[in-house]
Amino acid sequence: MGIGTSIFLIAVGAILTFAMDATVGGVDLDVVGWILMAAGALGLVMTALVWGRRREVVTTPAEPVEYHRVEERRDVVPPR
């Protein structure tokens, strides 16, 4: 779940919990809203943990590299 999806779930859950005062066929929208907000918060934390691990920098000690200049001589016969 990405950051955008998590924020969307939190927003929809907050709207269902705090802004709406309706009942739908025996379903308590307040509970549904709290569940969506919890799922969004959990997704946000999990996404942050996954992205946090990806951004760790692993460095290895660099060995000095020796560069040698290579010269190659070719005898070219002029065209006749």
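Residues numbered from 1 in each chain as written. Predicted model: local features only at pLDDT ≥ 70, side-chain atom pairs only at ≥ 80, totals over all residues. Heavy atoms only, no water.

Novice: Lay out the overall build of the chain in plain terms, naming residues and giving numbers.
Specialist: Within the chain, the regular secondary structure consists of 2 helices and 0 strands. For the chain, the C-alpha radius of gyration of 31 Å lies well beyond 12 Å, the compact-globule estimate for 80 residues. Seen through its C-alpha atoms, the chain measures out along the principal axes to roughly 100 × 40 × 15 Å. Working note: accessible area of the chain is about 7500 Å², and carbon and sulfur atoms make up 63% of it. (Helix = DSSP H or I, 4+ residues; strand = E, 2+ residues; numbered from the N terminus. Rg over C-alpha atoms; globule rule 2.2 N^0.38 Å. Areas by Shrake-Rupley, 256 points an atom, 1.4 Å probe, with all protein chains shown as cover.)

Novice: So what's going on with the environment of Thr5? Which residues, and what values?
Specialist: Within the fold, Thr5 resides in helix H1 (residues 3-19). For Thr5, a relative accessible area of 44% puts it in the partly exposed group. C-alpha of Thr5 to C-alpha of Gly40: the two residues are 35 residues apart in sequence and 7.4 Å apart in space. (Buried < 20%, exposed > 50% of the residue type's maximum accessible area, 1.4 Å probe, protein only.)

Novice: Before we move on, can you summarise the environment of Ala62 with the specific residues and values?
Specialist: Here Ala62 lies in the segment after helix H2 (29-54). Given a relative accessible area of 71%, Ala62 falls into the exposed group. Considered as a pair, Ala62 and Gly13 are 49 residues apart in the sequence and their alpha carbons are 51 Å apart.

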